Amino acid sequence: MNRSIPFGAPWMGEAEEKAVAAVLRSGWLAHGPKVKEFEQAFAAHLGVKHAVSVSSCTAALHLSLLALGIGPGDEVIVPAQTHVATAHAVMYVGARPVFADVEPGTGTISPASIRRGLTPRTKAIIVVHFAGLPCEMDDILKIAENQNLVIVEDCAHAVGTKYRGRPAGTMGAAGCFSFYPVKHITTGEGGMLTTDDDRIAEQANKQRAFGIDVPAFYRQKPGVYDTPILGFNFRMTDIEAALGICQLEKADGRIEARIANAGLLTDRLKGIAGLELPVIPSHMRHSFLFYQLTVTEGFLLTRDALLAALKQSGIGASIYYATPVHLMTLYRQTFGYGEGLLPQAERVAAETIALPVNPRLTAEDMGYIGDVIRAASRNEVPGA
Ligand SMILES: Cc1ncc(COP(=O)(O)O)c(C=O)c1O
């Protein structure tokens, strides 16, 4: 009988229900004490000086670029294989995204391609730790140092990701996390900007809430505030923060479970002709938001036929990302990008499948996914 294996379902429990109910009873629903508590817990978990909560990772990226002074006339190098939000944030501040190719097989930004994209207008690099695998930060930090560039880390896939023992979100000027439902931890919608830089934290802190100097909860005199700079409404609610506190407490164990599930899947898929499995260099910790499987021409079925077989067998697989951002209409039309310019990013789009390894899945589930793929590789009825 077919199973039903979701790609990434949020995992909420009694603790979350109680925490949300307590916030509802407290009467303080937004930008209040739970938000502060979540920020402190997140900063401590990462080992970073500041964690500024926001309404999404997109908002964190936007505020990071603003705080770094990126604007019109500037160029920011971003990987072509990412969510559109990474490039959109560059557009929000009036700068130009310059797309770089990714490493074969991993989907992380290629340092060689970054070098090719440098111009006198380049001001920053946004790295995306892809699927939970960190970018090759030694090379990228060296480029940034030599060229006097800043690095923003898009950590939407990267709670628990480490590079030479350093957590993602602590290596650049700012880290930007997402708490959207399919992520390692979720608050429904939500995000966090992490930084060791007091000035970035201070500016983001103000700009997430209209540019106001003192949020309502912290005012000495009610209703009295000033607005020194232009800001947005990118605030997190206390309901979201209460969820985040509970989710963060469980994050380490759940990431270990993801890593274990990925190991089980690799054991099952080893030796199947035409598949390329994730390779994890020893200096990296892959936190496995999902499992990137590359389906080459040597596999019996096409990538899309395998996707269909997985779906038929009740397995919630996906593609990250089916269209590289430079080939989205907005970026093609605005900057003239076309096919063939960034071949590895296009290869990820055409040949990979993102498989679920979320922590609720059991060893039997991993075995089932492996069996379905092995059966497909022999042209047998998957899951039968
Ligand atoms: C790599 C990457 N960056 C940014 C985002 C945007 O995150 P959010 O939905 O929290 O704004 C996502 C969302 O999935 C993402 O995958």
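In this text the structure is predicted, and so the values were computed from the model without any measurement.

Considering the nonpolar core
- Core analysis: the biggest nonpolar cluster contains 109 residues, and Ala-60 and Leu-355 have the highest contact counts within it.
- With nine residues, the top contributor of residues to this core is helix H8 (residues 238–269).
- Both domains that meet at this core, namely domain 1 (14–247) and domain 2 (251–377), each give it at least three residues.

So, the domain arrangement of the protein chain
- Taken domain by domain, the protein chain comprises domain 1 (14–247) and domain 2 (251–377).
- When each unit is reduced to the centre of its C-alpha atoms, the spacing between domain 1 and domain 2 is 25 Å.
- Counting residues at the interface gives 30 residues for domain 1 and 27 residues for domain 2.
- Elements with a minimum of two residues in the side of domain 1 that touches domain 2: helix H4 (84–92) and strand S6 (162–163).
- Its residues assigned to classes, the side of domain 1 that touches domain 2 comprises 13 nonpolar, 12 polar and five charged.

A closer look at the packing of helix H9 (residues 303–312) against helix H12 (residues 363–377)
- Contact pair H9 / H12: the axes reach a minimum separation of 10 Å and the direction vectors enclose 135°. What the angle tells us is that H9 and H12 run oblique. As H9 runs across H12, the sense of the crossing is right-handed. Mapping the contact onto sequence places Leu-306, Ala-309 and Leu-310 in H9 and Val-372, Ile-373 and Ala-376 in H12.
- Of the residues belonging to the contact of H9 with H12, the class tally is six nonpolar, no polar and no charged.

As for the pairing of strand S13 (residues 352–355)
- Here S13 shows a buried face lined by Thr-352 and Ala-354 and a second buried face lined by Ile-353 and Leu-355.
- With four bridges joining them, strand S12 (residues 291–295) and S13 adopt antiparallel strand pairing. Following the sheet pairing, Thr-294 is matched in S13 by Thr-352.

Brief notes about the environment of Tyr-180
- Along the chain, the position of Tyr-180 falls in the loop between strand S8 (174–178) and strand S9 (191–195).
- In sequence terms Tyr-180 and Gly-191 are 11 residues apart; their C-alpha atoms lie 8.0 Å from each other.
- Apart from the residues within four sequence positions on either side, Tyr-180 is in contact with Thr-186 and Glu-189.

Overview of the packing of helix H1 (residues 14–26) against H8
- Packing of H1 against H8 brings their axes to within 9 Å, and their N-to-C directions diverge by 150°. Of the possible angle classes, the one that applies to H1 and H8 is roughly antiparallel. By crossing handedness, the relation of H1 to H8 is classed as right-handed. Counted together, Ala-15, Glu-16, Ala-19, Val-20, Ala-22 and Val-23 of H1 and Asp-238, Ile-239, Ala-242, Leu-243, Ile-245 and Cys-246 of H8 form the full contact between these two elements.
- In terms of residue class, the contact of H1 with H8 is made up of 10 nonpolar, no polar and two charged.

Quick notes on the site of the ligand
- Residues in close proximity to the ligand total 14 residues, the closest being Ser-56, Cys-57, His-83, Ala-156 and Ser-178.
- Contributions of two or more residues to the shell around the ligand are made by helix H3 (57–67) and H4.
- In terms of residue class, the shell around the ligand is built from five nonpolar, eight polar and one charged.

Criteria and thresholds
- Residues numbered from 1 in each chain as written.
- Predicted model: local features only at pLDDT ≥ 70, side-chain atom pairs only at ≥ 80, totals over all residues.
- Core = buried A, V, L, I, M, F, W, Y, C linked by C-beta atoms within 7 Å.
- Buried ≥ 20, exposed ≤ 12 C-beta atoms within 10 Å, placed from the backbone.
- Helix = DSSP H or I, 4+ residues; strand = E, 2+ residues; numbered from the N terminus.
- Domains from an automatic or database assignment.
- Contact = placed C-beta atoms within 7 Å.
- Nonpolar A, V, L, I, M, F, W, Y, C, P; charged D, E, K, R; others polar.
- Axes fitted to C-alpha atoms, helices over the stretch in contact; angles between N-to-C directions.
- Parallel < 35°, antiparallel > 145°, perpendicular 65-115°, else oblique.
- Left-handed = near helix turned anticlockwise from the far one by under 90°.
- Pairing = 2+ DSSP bridges.
- Near = placed C-beta within 6 Å.

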